[in-house]
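Structural overview
This is what each chain is made of:
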Amino acid sequence: MKKTDLIHKLKQLQGISDEERAYLINLVNTKKKYGLVWEDKPEDMEEQLRENLPVLKEVKERAIINGEEHPNHILIEGDNLHALTALTFTHEGKVDVIYIDPPYNTGENDFKYNDSYVDKEDSFRHSKWLSFMSKRLQIMKRLLSDKGVAIIHIDENEFDVLSLLLETEIFTERDCLGYIVWNKKNPKGDAKEIATMHEYIFCFAKNKTEFLTLENTLKRQKPNALEILKKAKTLFNKLGKKSIPDEVKEVIKPFNYSNEILKDFEVEYDLQLINKEFQSWIDRQADFSEGEKAYKFIDENGEVFQTVSMAWPNKEEAPADYFIPLIHPINNLPCPIPERGWRNPSATMKNLLGDKEAVILPGGMVIKGEITFTINKKGENNQPRRKYLLRNNMLENTPSIFNYGASDDSFFTSIGLEFPYAKPVEVAKYLISSIHPSPKVILDFFAGSGTTLHAILELNRDGKYRQGIIVTNNEVDEKSEKKLAKRGIVKGTPEYEIEGICRKVTYPRISKLISGYTSSNGDVIEGLQKANFRYFNCSFLNREPSLKNKKEITRLATELLCIKEDIYSEQKQIGGYQLNATYVRCFQQGQLYLLVIYDEDLIEQMVEVIQSVVTADTDRNIHFKVYVFSNGQYPYTEEFEEVLPYITLCALPDAIYKAYQNVLPKRQRQQVPELEEPTAEDVETSLQYAPNPNLFNQVR
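Residues numbered from 1 in each chain as written. Predicted model: local features only at pLDDT ≥ 70, side-chain atom pairs only at ≥ 80, totals over all residues. Heavy atoms only, no water.

Every buried residue of helix H13 (residues 346-353) is listed here: Met 349, Leu 352 and Leu 353. For H13, the angular spread of the buried residues around the axis is 100 degrees, confining them to a single face. Seen from the open side of H13, the exposed residues pointing more than 90 degrees away from its buried face are Lys 350 and Asn 351. Where H13 is buried, its residues meet strand S15 (366-368), strand S16 (371-373) and strand S17 (385-389). (Buried < 20%, exposed > 50% of the residue type's maximum accessible area, 1.4 Å probe, protein only. Helix = DSSP H or I, 4+ residues; strand = E, 2+ residues; numbered from the N terminus. Arc of directions from axis to C-beta. Contact = heavy atoms within 4.5 Å.)

As a further point, take the environment of Ala 581. Within the fold, Ala 581 resides in the loop between strand S27 (577-578) and strand S28 (584-589). Taking the relative accessible area as the measure of exposure, Ala 581 reaches 42% and is therefore partly exposed. For the pair Ala 581 and Val 596, spaced 15 residues apart in sequence, the C-alpha separation works out to 9.5 Å. Discounting residues that sit within four places of it in the chain, Ala 581 has contacts with Arg 555 and Tyr 598.

Turning next to unusual backbone geometry. The amide bond that connects Leu 652 to the next residue, Pro 653, takes the cis arrangement and shows omega of 5 degrees. One non-glycine residue, Asp 115, lies in positive phi territory at about 70 degrees. Looking at the secondary structure, you find Asp 115 in the loop between strand S4 (112-113) and strand S5 (116-117). You can call Asp 115 exposed: its relative accessible area is 52%. At Tyr 421, a position not held by glycine, the phi torsion is positive, near 60 degrees.

Glancing now at the packing of helix H16 (residues 451-459) against helix H19 (residues 501-515). Put simply, H16 and H19 touch, their axes get as near as 10 Å, and they point 10 degrees apart. Taken together, the axes of H16 and H19 lie roughly parallel to each other. Between H16 and H19 lies a crossing of right-handed hand. Judged by residue contacts, Thr 451, Leu 453, His 454 and Leu 457 of H16 engage Arg 509, Ile 510, Leu 513 and Ile 514 from H19. Grouping the amino acids of the contact of H16 with H19 by side-chain chemistry returns 5 nonpolar, 2 polar and 1 charged. (Axes fitted to C-alpha atoms, helices over the stretch in contact; angles between N-to-C directions. Parallel < 35°, antiparallel > 145°, perpendicular 65-115°, else oblique. Left-handed = near helix turned anticlockwise from the far one by under 90°. Nonpolar A, V, L, I, M, F, W, Y, C, P; charged D, E, K, R; others polar.)

For the structure shown, the criterion picks out 1 cavity of 30 Å³ or more. Estimated volume of the largest cavity: approximately 40 Å³. Along its surface, the largest cavity is lined by Glu 58, Lys 60, Phe 536, Glu 559, Cys 562, Tyr 568 and Phe 587. (1 Å grid on protein atoms, 1.4 Å probe; cavity = no way out; pocket = protein on both sides within 12 Å on 5 of 7 lines; lining within 4 Å. Points joined across faces, edges and corners; volume = space filled by probe spheres on them.)

Before going further, it helps to examine the nonpolar core. Of all hydrophobic cores here, the largest spans 72 residues; its most connected members are Ile 76, Leu 137, Leu 443 and Phe 445. Considering every element that reaches this core, the biggest residue donor is helix H5 (residues 125-143), with 8 residues. Leave out the neighbours within four places in its chain, and Leu 137 touches Ile 100, Ile 152, Leu 162, Leu 165, Leu 166, Ile 170 and Phe 445. Residues Ile 151, Leu 417, Val 427 and Leu 431 belong to the second largest nonpolar core, which totals 48 residues. (Core = buried A, V, L, I, M, F, W, Y, C linked by side-chain atoms within 4.5 Å.)

Okay, a positive patch on the surface next. There is a patch of like positive charges on the surface, built from Lys 479, Lys 482, Lys 483 and Lys 486. The residue Lys 483 is located in helix H17 (residues 478-486) in this model. (Patch = residues over 30% accessible without salt bridge, like charges linked within 9 Å, V, L, I, M, F, W, Y side chains within 5 Å. Areas by Shrake-Rupley, 256 points an atom, 1.4 Å probe, with all protein chains shown as cover. Salt bridge = Lys/Arg side-chain N within 4 Å of Asp/Glu carboxyl O. Lys, Arg positive; Asp, Glu negative; His and termini not counted. Charge placed at Lys NZ, Arg CZ, Asp CG, Glu CD.)

Tracing the sequence through the fold places Asn 109 in the loop between strand S3 (95-100) and S4. Overall, Asn 109 belongs to the partly exposed group, its relative accessible area being 38%. C-alpha separation for the pair Asn 109 and Ala 320, spaced 211 residues apart in sequence, amounts to 69 Å. Residues contacting Asn 109, with those up to four places away along its chain left out, are Tyr 117 and Glu 478.

This paragraph deals with the pairing of strand S1 (residues 52-58). The element S1 is largely enclosed, with a buried count of 5 among its 7 residues. As defined by bridge partners, S1 adjoins strand S24 (residues 532-542) across 7 bridges and the pair is classed as antiparallel. Within S24, the residue paired with Lys 57 across the bridge is Asn 537. (Pairing = 2+ DSSP bridges.)

Time to look at the pattern of salt bridges. Oppositely charged side chains may form a pair once their charged atoms are brought near each other. Under the counting rule described, the total for this entry stands at 33 salt bridges. For Arg 142, the salt bridge is made with Glu 92, and the minimal N-O distance between the two is 3.1 Å. Here Arg 142, found in helix H5, pairs with Glu 92, found in the loop between helix H4 (80-91) and S3; they are 50 residues apart in sequence, far enough to count as distant. A relative accessible area of 32% means that Glu 92 is categorised as partly exposed. Overlapping salt bridges, with partners in common, bring together Asp 40, Glu 43, Glu 46, Glu 47, Arg 50, Asp 79, Lys 135 and Arg 136 in one network.

So, in C-alpha cells, the structure goes:
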C-alpha cells in the first residue's frame, strides 16, 4: 500500500479525535531507520521545564576554599535533567570526560520514574528507562568538547538498548571507542541462571577523529611497571656490594644460622648476578602480563629494558634502502636481515646505533646505542633487536577486560558513612585515566555517593589540574523514608532533606576527603587540600520572557556566570569605585574580572572603572568579562567602545535563552494518545476474528 493511500484512509477514518488522527499520520510519515522505537512516557522533571528555567544557586556556608590556585570542584544538588540544562549555558562544548553510572533498571528498586520505583512487572519498564536516559544523554553530548569522551557503566538489563541508543540516537557507530568488560571476580550468589560477575562500560567519543589527535589516548599505565622499576633499583643498588642472593636466603632460612655463618653465603653482586636474580623474580610473578615480563633485562646504568623486533611490519617488501645489513660491533660480521627488510631506512638505523662505544652485558648481549646484538649457540649472529626502556614505555593499550573485585566498604566504615554498593574509587580512577589522557573538566551527573569526585581528588595528587562537577538528587532511600514516615516527617521538611543522599553522604564524604578526618580507628587522615569545593542547589524562575522575568533571570544567573567563567571571589570595590550589588557585581581571579551589570544606566560609570583598572596595570594584561542586562540582543558595544580591547562583552539574558533553547522542551507538550495494555479478555476476543487486510475498513 502506498503511503499517500494510507494517509487518505486515515483522514477518512471515523471515531477518533483530531489529535489521534494527527499522531497516526505523523507515524506514517516517519522515515524508517535502524534503531530503537519506544513509547515516550511523560516525565515530571521535563514537564517542570515547560514553564520554568533552571538556575544554580550556591550554598556558600558549605563551601571549602583552600586557595584560588586550586580547582573549584562543584557539587550540584538537584535533578540531573535540570542541572544538565543549566550546564548548557556554562559548559556547552567544554567537558572532556563524562563518566556516569546510571540506574541499571533491574526492577529491584534501583530506578525511579516520576517519584515511583519501576518494577519488573511494569509493561513500560524499558520505555520509561529509555525516555529518562535519552533526554539526559542528548544534553550530555552537547556538553562534551570536540575531543571529549563519554564513559558509561551498565549491566545486562539494559545493555542492548543502551548500545543501540548510543549508536543510533546519541552518537554514531563510527564514534564508538569500544566496550570494556569489568570482571568483578564475585559471581552473584543468589542467581537462578548463569551467575553474572561482570558489568560493561561503554566508551564513545563525541568526534572519534578529533579525540584520537590527542597524545596517548586509550592508554593505561602498565599495572606492575612501578613495582618492576622498584625491584630493579633495589637489585642495582647491590652492584659491587656483598649480600646473600634471594634464592639462597629461601633455602637457608629454616636453619636459623648465626650472623657469623651467614657471612659465608654472601657474594659480591655483579651485573650478571643482578640480571639472573631479576629474571628469576620476574618469572615468579603470576599476575604480570607477558608484555610486562618481557622487561627482564637491567643494563649498566640500572635501566630496565626489553628487546623488540626491527622487522618491516607490512606485507609488501620494503625499499632497497631497508636491506642494508648491520655489522656486529664486536665480531664485525654482518647480521641477518629480516625477510621483508628493516622497519627503518639506513639513515635511521645509523642514528639508532649512535656514536658511543658498544657495551657488553653478562651473557654476551652487546648494546650499541639503542640496538642489541646477540649470538646463538652455534656462534652465529642473531637478528639485531631494538632496546626499549621501561621508563620510556610505561603505557600500554587499554584492554577490553578489566579485573577488579574489591569494594570500598572499609573506607565507608572508616569515614563513618553508610552507602551500599558504591562504585570503588579505584575503578573510577582506572577508567578516567585509561581512556582520556589529559582531561581538564570531568562531569558525573549520576554522582550517587561521590565516587567520581573522590577519584578526581586522588588523581590530582600528580599535580595536574582536573576539575570535577558532580550532580545528584537528594533522594531518601526507601528504608529511611519509611522510618521518617513513622515519625511524621514528610518530604520537603528540613528533617527529611537532611536524610537525603546528597546531604547525608555525598557532601560529607567529599568535605572530609578535602578537609581531613579522624577515622573510626582513631587515625588522623590528612586532607587532599589542593582543592576548593562548592555546593549548588537547582532553583527555578518563570520561563515567560517578560521584562520582569528577564531582569530576574539576569540577577539569579550571576552564580551561573561564576561557574561559567570559574571566577568566584567577589570584590566590593574596584578602581576606587564602591559597588552597589543591587546594580552591579564584580568578581576577580588574578588579572581576570567578571563584571555583571544589572542596570544599563551604570554603563558609563563602569567604562570609567574599567579604564581606571586597565591604566593602573602597566603590563596591560587585565581582561574583563562583561555581562550587561539588555532587553534584546544588543550588548551596548558602542557604549563600551573605549575599552573594547580589554573586555569580552555579552548581553543577558539573551545568551542564556539561546543556550537553553536547544535543550528545553516545547512549552506545549505534543499530545500522544495513551496506549493501554490489552487484557487477557481483549486478546481472547481478538483471536475469534480472522485478520482483516484492510485495517481501516470499519464495515465488517
